[in-house]
Structures are given as C-alpha cells and as structure tokens.
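Coordinates in review
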There are 2 protein chains.
Amino acid sequence: MISRLIRRISETGAPICVGLDPMLTHIPEFILSRAYEEKGETLEGAAEAVWQFNRAIVDAVADLVPCVKPQLAMYEQFGVPGLAVYQRTVQYCRAKGLIVIADGKRGDIGSTSAAYAAAHLGSVQIGKSSCAAFDSDMLTVNPYLGSDGIKPFVDACNAFDRGIFVLVKTSNPSSGEFQDRLIDGKPLYWRVAEKVVEWGRSSMDGEWSNVGAVVGATYPEMIGELRGLMPHTFFLIPGYGAQGGRAEDLKDAFDRDGIGAVVNSSRGIIAAWKKDTYARFGTEHFADASRAAVLAMKEDLAKVC
Amino acid sequence: MISRLIRRISETGAPICVGLDPMLTHIPEFILSRAYEEKGETLEGAAEAVWQFNRAIVDAVADLVPCVKPQLAMYEQFGVPGLAVYQRTVQYCRAKGLIVIADGKRGDIGSTSAAYAAAHLGSVQIGKSSCAAFDSDMLTVNPYLGSDGIKPFVDACNAFDRGIFVLVKTSNPSSGEFQDRLIDGKPLYWRVAEKVVEWGRSSMDGEWSNVGAVVGATYPEMIGELRGLMPHTFFLIPGYGAQGGRAEDLKDAFDRDGIGAVVNSSRGIIAAWKKDTYARFGTEHFADASRAAVLAMKEDLAKVC
C-alpha cells in the first residue's frame with residue numbers, strides 16, 4: 001500500500017492530503033439552502049449538502065493531490081445518511097484515483113479491532129460472499145490498548161494491501177498530557193513509536209512500512225526526533241495551517257528525496273473560500289478557492305521537501 | 001444520567017450490562033438463512049440477521065437488566081445497513097426502558113470529539129432544526145489525546161444529561177503494554193484515572209459523576225486500587241465471563257450498598273445458546289438461553305454486591 005501512496009506523491013509532486021471534514025459552517029449557504037429545500041433541515045438534508053460540497057472540492061483538487069482524509073466523526077454526526085455520504089465520498093475519491101485515508105482513530109480489544117479492520121480496510125464474510133463495507137485504503141488507529149488491539153489492523157494491511165497510521169503524537173494542545181509523560185526517561189509517544197516500528201516490521205512494502213504514524217505538525221521538535229527513531233515509518237502530519245503548523249517545521253519529516261510524510265490540511269483547503277486571501281473567487285466558486293489553496297500549500301511545502 | 005443508571009440497577013437488582021456485540025458466529029443458522037433468503041448474502045442480509053437476533057435477545061432480557069452495550073464495530077463492519085440496524089437497536093432498547101451504552105471508544109482533537117459527542121450523545125444543529133443521530137445514553141471514549149479531546153464529551157453530558165466511560169484499564173491481554181508503564185512511580189492508567197476524577201468533577205449527578213471509567217475485570221488487583229483513587233467514578237467493567245473475569249474479583253468495585261459498577265458480559269449472554277450449560281433450550285430458543293445466562297450472572301454477582 002505505502003508504495004502506492006509514495007508513487008502518487010511523486011506523480012503529483014505534492015505530499016498533501018486534503019482533509020474532507022465538512023462541518024456545516026464550511027459549506028456555502030447556497031449549497032445548504034438547496035439541500036434543505038430538497039430534503040429538509042434534517043440529517044438527510046445535511047448529508048446531501050455535505051455530498052454536494054465534497055464532490056465539488058474533490059473535482060477541483062483530484063489531479064493535484066495523492067490522497068484525501070475524510071474525518072469519520074463529521075459524517076457520523078449526521079447518522080445513517082451521513083455515513084451513506086461518507087461511503088459515497090470514499091467511492092467517488094477512489095474512482096478518481098485518490099488514496100483515501102479514513103480518519104477514524106479506531107481501536108479496541110482484538111476481536112473488536114478485527115471488526116473495525118473489516119469495516120474500513122477489508123471485507124466481511126457473509127455466507128459465501130465476501131462483502132466490503134466502507135473500503136478505504138488506510139485508517140488511523142489508536143494505540144492505547146496495545147499490540148493485540150493493533151494486530152488485526154496490521155493483518156488487514158497484509159491481507160488486503162492497505163495501510164494504517166497509528167496515533168503517536170497528536171496535534172492538539174493537550175496531546176502532551178499523557179503522550180509527553182516520561183516512562184523510563186522517554187515520553188509515552190516515544191514508547192508508542194517504538195511499538196509502531198515493531199508492528200511495522202511485519203508489513204513492509206519496499207523501504208517503508210504500511211504501518212505509519214500520526215505526528216502533529218504543531219510539535220516540530222518531536223518530528224525530527226521521531227524521524228530518527230522511525231526511519232521506515234511514513235508520517236501522516238495533521239495540524240498544518242489552521243492549527244498552526246508551518247512548512248519549515250516539517251523538514252525533518254522528509255528524507256533526502258523528499259519522501260517520508262504526507263501533510264494534511266482540512267479547513268485551510270476546504271474552507272479556503274471563507275478567507276480574505278481567496279475572496280476573489282466568490283462563494284459560488286468555493287472549490288476553485290480550494291484548488292488555489294492546494295497550489296499555495298504545494299508551493300509552501302516545496303521549500304522543505 | 002448516572003443516577004438514572006444507578007436507579008435502574010437498584011430496581012433490577014442486577015449490576016449487569018448485556019453486550020450486544022452480534023458477530024455472525026453468535027447468530028443461529030435459522031436466523032441467518034432466513035435473512036439471507038430475504039436480502040441475500042449481503043451487508044443488508046447480515047444486518048437483517050443482526051436485527052432479528054438483537055430483538056429477540058432484548059425482548060428476553062429487558063426486564064432483568066438496567067442497560068445494554070452495543071459494540072459499534074460489530075455494526076460498522078456491515079456498513080451503512082449495519083449502522084441502520086445499530087440505530088434501530090438503540091431506539092428499540094431505549095423504548096424498552098434500557099439505558100444504552102454505545103461502545104465506540106471514540107476520541108479525537110476537540111472539534112472532532114465535539115462531532116462524535118453530537119453523533120452519539122447529543123444532537124446537531126441543521127438550519128433551525130436540532131437533529132439527533134444515534135442518540136445513545138452513554139458512550140465509551142479513549143483518553144489518549146488528553147483533556148481537550150475529552151471536554152466536548154463532558155460538555156455533552158451536561159447539556160443533554162448523558163454519560164461517558166473513559167478507558168482507564170482495559171480488559172485485553174496487552175492492555176499493560178502502555179497502560180501499566182510507570183510515570184513518576186504510578187502506572188499510566190493511574191495517571192489517566194487522576195484526570196478522569198478531575199474531568200468528572202464538572203459533571204456530578206448526586207454522589208457519582210457522569211464521567212465514568214472502563215476498568216477490566218481481568219485485572220482484579222487494579223480494581224480496588226482504582227476504586228480508592230476514584231470514589232465518585234462509576235465503573236463499566238468488561239471482561240467478565242468469556243474473557244476470564246470472575247465475580248469474586250469484582251467486589252472492590254462496589255461500595256457498601258453494592259453500588260459503583262456495572263459489569264458487562266457479551267458472548268457469555270448473547271451466545272449462551274452455544275454452551276453446553278444451556279443446550280437444553282435448543283437453538284430455536286436461543287434468547288431463553290440468554291435470559292438464563294443473565295439470571296445465572298445475577299446470582300453470581302450477588303455474592304459480591
């Protein structure tokens with residue numbers, strides 16, 4: 001799996017992931033009102049607006065980037081209609097050649113993680129049929145339960161040629177509350193990183209492992225430290241842009257060839273139309289603003305990789 | 001919220017949670033084949049089987065127990081049809097007076113946790129309407145991202161009179177890999193427990209907090225330790241029965257009045273029909289086997305609370 005992501009990064013020249021996290025406040029009023037008119041101010045109406053919004057953004061950026069990262073919570077909040085649109089978004093993106101990273105931060109005891117892995121990375125056996133549910137390429141997972149909660153995901157990576165990103169150091173302000181606490185002289189995130197390296201050895205795909213790590217752009221000093229510890233672990237880096245992470249903070253994530261990480265931006269791209277910088281596009285052309293924001297991000301990142 | 005759970009526990013005399021984690025292997029063949037005949041060996045067919053199975057179990061045990069805990073992964077693996085049946089199960093259980101604990105182990109950065117809280121514990125604003133998506137009473141959450149990932153759930157507890165259980169010490173074999181590592185002389189699960197106490201102070205409901213803790217039955221020595229540290233934190237205890245936890249291991253979770261925890265059993269109850277002990281009921285009467293298993297568990301737990 002990871003070699004496919006790396007190839008798409010090379011082809012596009014953009015180690016960029018577009019975060020498809022459509023909060024209703026990111027969606028232009030004309031889309032919302034059209035969806036509400038058709039389906040009411042209901043979960044169905046909201047889901048329809050999300051779909052119209054997503055499709056336009058994806059159409060505008062698909063040729064520029066290797067991957068997208070829909071945040072499952074943003075669809076789950078709209079219930080069953082929301083998850084139907086999540087599924088439709090995954091299918092639409094994959095049909096356009098985009099790699100889809102499901103941001104679910106799932107994780108549980110072994111048998112339950114196996115069900116999550118089947119839901120998002122593999123398929124489930126129903127009688128004599130093998131059926132895929134959400135069928136994304138990669139999934140973010142939470143390490144708090146340890147190896148037996150992660151192993152089913154790694155097994156799915158191997159069985160279905162998929163990938164995972166394990167939360168190591170997250171981008172949020174209080175991530176240090178537990179992640180930075182010292183265990184035998186090293187922070188918890190370091191101990192998790194050691195395990196990610198171990199888990200990753202059983203799912204190598206060339207130089208890199210299908211078991212990647214989430215490392216926040218907001219803690220640049222840790223990026224270099226973790227790159228040293230995890231030379232074959234691909235990074236998914238959230239927190240660029242809206243959360244405060246800057247390109248120059250990310251240089252240590254990449255190797256000499258500019259490979260090693262994909263940087264996510266959600267609001268900064270999908271809600272670009274709301275920023276003064278892109279006001280010239282007008283609300284109707286919100287997706288063009290997203291395209292311009294991707295191009296600007298590509299230029300910005302070119303400084304460091 | 002938590003006072004409602006405690007009241008229902010007192011009324012039923014059973015600090016028991018029935019884990020509605022319907023793997024297809026738990027479902028009798030006659031239900032599966034009927035569902036596949038109607039809807040095919042598809043996600044829809046599997047979801048239909050799960051629904052028929054759940055409904056029978058719920059009908060058989062609803063008067064005996066205060067709560068149920070559907071495991072979201074088991075529905076998510078069947079995609080959109082699976083989640084529609086999850087929602088239907090939640091509604092069916094609540095209509096029968098059962099408290100529903102959604103076992104999702106969700107957790108993310110602040111704005112995303114807010115979306116999960118809206119999805120499962122609250123509602124989302126769509127135009128002028130307030131719409132609830134999955135609408136359960138309580139939700140399990142993962143603490144790895146720290147306070148700002150938990151606060152939106154606590155806010156939802158206060159706004160909508162709901163509850164959460166934060167993972168402290170999980171029941172799986174490798175839970176100690178990170179959770180037991182020492183930080184300033186105390187294990188990580190202890191450090192998480194300290195935070196759970198802190199978070200819980202802002203959502204008290206009588207003597208107990210709406211912010212509870214998940215503490216596995218499989219690590220009995222830690223239950224007493226955590227009870228001492230967290231005197232006002234209600235425990236959700238997984239791992240009883242099939243995972244190896246025994247009633248006598250749980251006595252420290254309860255106070256003098258037998259209050260303080262709800263013990264979950266999933267396989268042990270919903271797949272009771274597969275055990276020799278309950279073979280007398282026959283496959284057709286699988287739900288009666290579940291009822292008998294609940295009664296046996298109630299008797300077993302009566303020794304300690």
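In case you missed it, the structure is sitting above this.
Definitions and cut-offs
- Residues numbered from 1 in each chain as written.
- Chains lettered and ligands numbered in written order.
- Predicted model: local features only at pLDDT ≥ 70, side-chain atom pairs only at ≥ 80, totals over all residues.
- Pairing = 2+ DSSP bridges.
- Helix = DSSP H or I, 4+ residues; strand = E, 2+ residues; numbered from the N terminus.
- Axes fitted to C-alpha atoms, helices over the stretch in contact; angles between N-to-C directions.
- Contact = placed C-beta atoms within 7 Å.
- Buried ≥ 20, exposed ≤ 12 C-beta atoms within 10 Å, placed from the backbone.
- Right-handed = clockwise from strand over helix to strand, strands pointing away.
- Parallel < 35°, antiparallel > 145°, perpendicular 65-115°, else oblique.
- Left-handed = near helix turned anticlockwise from the far one by under 90°.
- Nonpolar A, V, L, I, M, F, W, Y, C, P; charged D, E, K, R; others polar.

**With respect to the sheet that holds strand β14 (residues 261–265) of chain B**
All names here are of chain B. Spatial ordering of the closed barrel is given by β1-β2-β3-β6-β7-β12-β13-β14, a layout of 8 strands whose pairing is parallel. Averaged over all pairs of adjacent strands, the angle between their axes in this sheet comes to 30°, without regard to strand direction. Of the strand pairs in this sheet, strand β13 (residues 235–237) and β14 are connected by 3 bridges, and their pairing is parallel. Across the sheet, residue Phe-235 finds its bridge partner in β14, namely Ala-261. Seen against the sheet, helix α5 (residues 79–95) touches β1 (16–20), β2 (67–70) and β3 (99–106) and runs at an angle of roughly 175° to β2.

**Thoughts on the pairing of strand β12 (residues 211–215) of chain B**
All names here are of chain B. In terms of burial, β12 is a largely internal element, 5 of the 5 residues being buried. Going residue by residue along β12, you find Val-211, Ala-213 and Val-215 tucked away on one face and Gly-212 and Val-214 tucked away on the opposite face as well. Where β12 meets β13, 2 bridges bridge the pair, whose relative direction is parallel. Within β13, the position partnered with Val-214 by the bridge is Leu-236. Chirality of the crossover, the property in question, places the unit of β12, helix α10 (residues 220–229) and β13 among those that are right-handed.

**Some details on the packing of helix α3 (residues 43–61) of chain A against helix α12 (residues 286–302) of chain A**
Residues and elements named next belong to chain A. The contact between α3 and α12 brings their axes to 8 Å, and the two run at 45°. Viewed along their axes, α3 and α12 adopt a mutual orientation that is oblique. The chirality of how α3 crosses α12 is right-handed. Contacts from Ala-56, Ile-57, Asp-59, Ala-60 and Val-61 in α3 reach Ala-287, Asp-288, Ser-290, Arg-291 and Val-294 in α12. In terms of residue class, the contact of α3 with α12 is built from 6 nonpolar, 1 polar and 3 charged.

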